[in-house]
Amino acid sequence: MSKRPIIIDTDPGIDDAVAIAIALFSEELDVRLITTVAGNVSLDKVTYNTLRLLKFFGKEVPVAKGAEAPLVLPLQDASNVHGKSGMEGFDFEEPDDHLLLKENAVNAMYRVIMESPEPITLVPIAPLTNIALLLKLYPEVKKNIREIVLMGGSASRGNKGVMSEFNIATDPEAAKIVFDSGLPLVMAGLDVGWKALVLPEDSAKLPALGEVGRMAYCLFQKYRGGSMKTGLKMYDSCAMAYLLKPEMYEIVETYVDVELHGSMTAGCTLVDLKGYLGKPSNAKVCLDINQEMFRQWFLERMAKCI
Ligand code: BDR
Ligand code: CA
């Protein structure tokens, strides 16, 4: 079986850390590049966190630094969810910079996509600033992108605003560029992120799975995406779950737009399930997830992280 080549665009982030582990230790995916973007915490912090993770995992994947702020809005981070460093709770070894490319994220993505003999899948699990810049600066990449599988948005309520999800609301202009790009797109948003729970009995099994499981267990003590008692929301793993086990999802193909100007709804994804707007579909939207299947899959995948 040939591995599916992917680029992860990320802002670690505790749930990012776990999603990256799952991808890097999977037999099915070939992570060609990791790009970083300001989101959960500053660009410098998320880049440092990515390098800390790669050193800890013992994986040699190039890293490129991207945008330090959204296209238009000022950055409002999520350190309230992930802690001051973005990855509180575990004592990582100090990384060196040998995996950090001199190229910026957009140029590195361009090069990796254009050099690849097989089309690349982009997996953004953070605000879409880098991806929007890539598509605007280098539209020719579209012919060698297989699909974009992103964590972000919601067909119901929000987690940043009443109706808006963090990754989309942090950089709505970038999200609009991506949703309007004409590329095949999969949206794994809050509708599934809120249900992709790691329950207390699952967390309790993590330390025995090995060093990566122990790391996740430690990070989870500080993670405020849910709680250790009622279940932790594995938002970003939802993108990996789509790539690795799509049968756990209920998916609809529909038209999604991003609200830019609503005084109370800017940054929300308008998922037009009933076709009011009369536009052709531009996304596959994950509307529901089999929770039991996810829990089992998550533990199986964490057990492979050695
Ligand atoms: C998204 O926001 C971030 O805090 C998480 O890492 C995830 O990508 C969930 O809304
Ligand atoms: Ca993230």
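Further up the page is the structure itself.
Since the structure is predicted, the reported quantities are computational estimates derived from the model, not experimental observations. (Residues numbered from 1 in each chain as written. Chains lettered and ligands numbered in written order. Predicted model: local features only at pLDDT ≥ 70, side-chain atom pairs only at ≥ 80, totals over all residues. Heavy atoms only, no water.)

Engineer: Got a sec to walk through the side chain of D191? Specific residues and values, please.
Structural biologist: Structurally, D191 can be placed in helix α8 (residues 190–193). One buried charged side chain, D191, makes no salt bridge at all; its nearest oppositely charged neighbour is K195, positioned 8.0 Å away. There is a polar contact of 2.8 Å between the side chain of D191 and the backbone nitrogen of A155. A distance of 3.1 Å separates the side chain of D191 from the side chain of S156, its partner in a polar contact. (Helix = DSSP H or I, 4+ residues; strand = E, 2+ residues; numbered from the N terminus. Buried < 20%, exposed > 50% of the residue type's maximum accessible area, 1.4 Å probe, protein only. Lys, Arg positive; Asp, Glu negative; His and termini not counted. Salt bridge = Lys/Arg side-chain N within 4 Å of Asp/Glu carboxyl O. Polar contact = N/O pair within 3.5 Å; in protein donor to acceptor, adjacent residues only side chain to side chain.)

Engineer: Please set out the coordination of the calcium ion (ligand 2) residue by residue, giving values where relevant.
Structural biologist: Protein coordination of the calcium ion (ligand 2) is provided by D11 (OD), D16 (OD), D16 (OD), I125 (O) and D236 (OD), with donor distances spanning 2.3 to 2.6 Å. The motif formed by the donor residues of the calcium ion (ligand 2), counted along the single chain, is D-x4-D-x108-I-x110-D. A residue pair is termed long-range when its members are at least 10 positions apart, and D11 in the loop between β1 (4–10) and α1 (14–24) and I125 in the loop between β4 (120–124) and α5 (129–137) qualify at 114 residues. By relative accessible area, D11 is classed as buried at 0%. (Donors = N, O, S within 2.8 Å, 3.2 Å for Na, K, Ca; no water.)

Engineer: Give a detailed account of a nonpolar patch on the surface, specifying residues and quantitative values.
Structural biologist: Taken together, the side chains of L71, V72, L73, L133 and L137 present a nonpolar region at the surface, about 410 Å² in accessible area. Its location among the elements puts V72 in the loop between β3 (63–65) and α3 (79–82). (Patch = residues over 30% accessible without salt bridge, like charges linked within 9 Å, V, L, I, M, F, W, Y side chains within 5 Å. Areas by Shrake-Rupley, 256 points an atom, 1.4 Å probe, with all protein chains shown as cover.)

Engineer: Any chance you could break down the pattern of salt bridges for me, citing the residues and the numbers?
Structural biologist: Per the counting criterion, the structure on display carries 16 salt bridges. With a closest N to O distance of 3.5 Å, E201 and R295 form a salt bridge. You can see E201 sitting in helix α9 (residues 200–203) and its partner R295 sitting in helix α12 (residues 291–303), a full 94 residues away along the chain. On the accessibility criterion, E201 (45% relative accessible area) is partly exposed. Overall, R295 belongs to the buried group, its relative accessible area being 16%. Here R214 ties to E211 by a salt bridge, and the two come within 3.2 Å at their closest N and O atoms. With R214 and E211 both in helix α10 (residues 211–222) and 3 residues apart, this pair spans about one turn of that helix. Given a relative accessible area of 35%, R214 falls into the partly exposed group.

Engineer: I'd love a proper account of the packing of α5 against helix α7 (residues 172–179), names of residues and values included.
Structural biologist: For the pair α5 and α7, the least separation of the axes is 8 Å and the interaxial angle reads 50°. Of the possible angle classes, the one that applies to α5 and α7 is oblique. By crossing handedness, the relation of α5 to α7 is classed as left-handed. Residues T129, I131, A132, L135 and K136 of α5 form the contact with α7, whose own contacting residues are A174, I177 and V178. Grouping the amino acids of the contact of α5 with α7 by side-chain chemistry returns 6 nonpolar, 1 polar and 1 charged. (Axes fitted to C-alpha atoms, helices over the stretch in contact; angles between N-to-C directions. Parallel < 35°, antiparallel > 145°, perpendicular 65-115°, else oblique. Left-handed = near helix turned anticlockwise from the far one by under 90°. Contact = heavy atoms within 4.5 Å. Nonpolar A, V, L, I, M, F, W, Y, C, P; charged D, E, K, R; others polar.)

Engineer: Hey, could you go over the side chain of R301 for me, with residue numbers and the actual values?
Structural biologist: Take R301: it is sitting in helix α12. Overall, the relative accessible area of 9% leaves R301 in the buried class.

Engineer: An account of the site of ligand 1 is requested, with residue identities and associated values reported.
Structural biologist: As a structural note, the neighbourhood of ligand 1 is formed by D15, D16, N40, H82, I125, M151, N159, E165, F166, N167, Y235 and D236. One nitrogen or oxygen atom from the side chain of H82 is found 3.0 Å from an oxygen atom belonging to ligand 1. Side-chain polar atom of E165 to an oxygen atom of ligand 1: 2.4 Å apart, as the coordinates give it. Alone, ligand 1 offers 280 Å² of accessible surface; in the complex the protein occludes 97% of this. Looking at the shell around ligand 1, the elements that each hand over two or more residues are α1 and α6 (166–170). Along the lines of polarity and charge, the residues of the shell around ligand 1 split into 4 nonpolar, 4 polar and 4 charged. (Near = heavy atom within 4 Å.)

Engineer: Any details on the packing of aromatic side chains? Residues and values, ideally.
Structural biologist: Scanning all chains against the criterion turns up 9 aromatic pairs. An angle of 35° between the planes, with centres 6.4 Å apart, marks the rings of F220 and Y223 as tilted. Cluster of aromatic residues (ring-pair linked, three or more members): F25, F56, F57, F90 and F92. Sitting over the face of the ring of F25, K59 holds its NZ or CZ atom 4.5 Å from the ring centroid. (Phe/Tyr/Trp six-rings, centres within 6.5 Å; stacked < 30°, edge-to-face > 60°. Lys NZ or Arg CZ within 6 Å of the ring centre and 35° of its normal.)

Engineer: Could you give an account of the pairing of strand β2 (residues 29–36), with specific residues and numbers?
Structural biologist: β2 sits mainly inside the fold: 6 of its 8 residues count as buried. Where β1 and β2 come together, 7 bridges link them in parallel fashion. Along β2, the bridge assignment pairs R4 with L29. Taken together, β1, α1 and β2 form a β-α-β motif whose crossover is right-handed. As paired elements, β2 and β3 share 3 bridges and run parallel to each other. Within β3, the position partnered with I34 by the bridge is V63. (Pairing = 2+ DSSP bridges. Right-handed = clockwise from strand over helix to strand, strands pointing away.)

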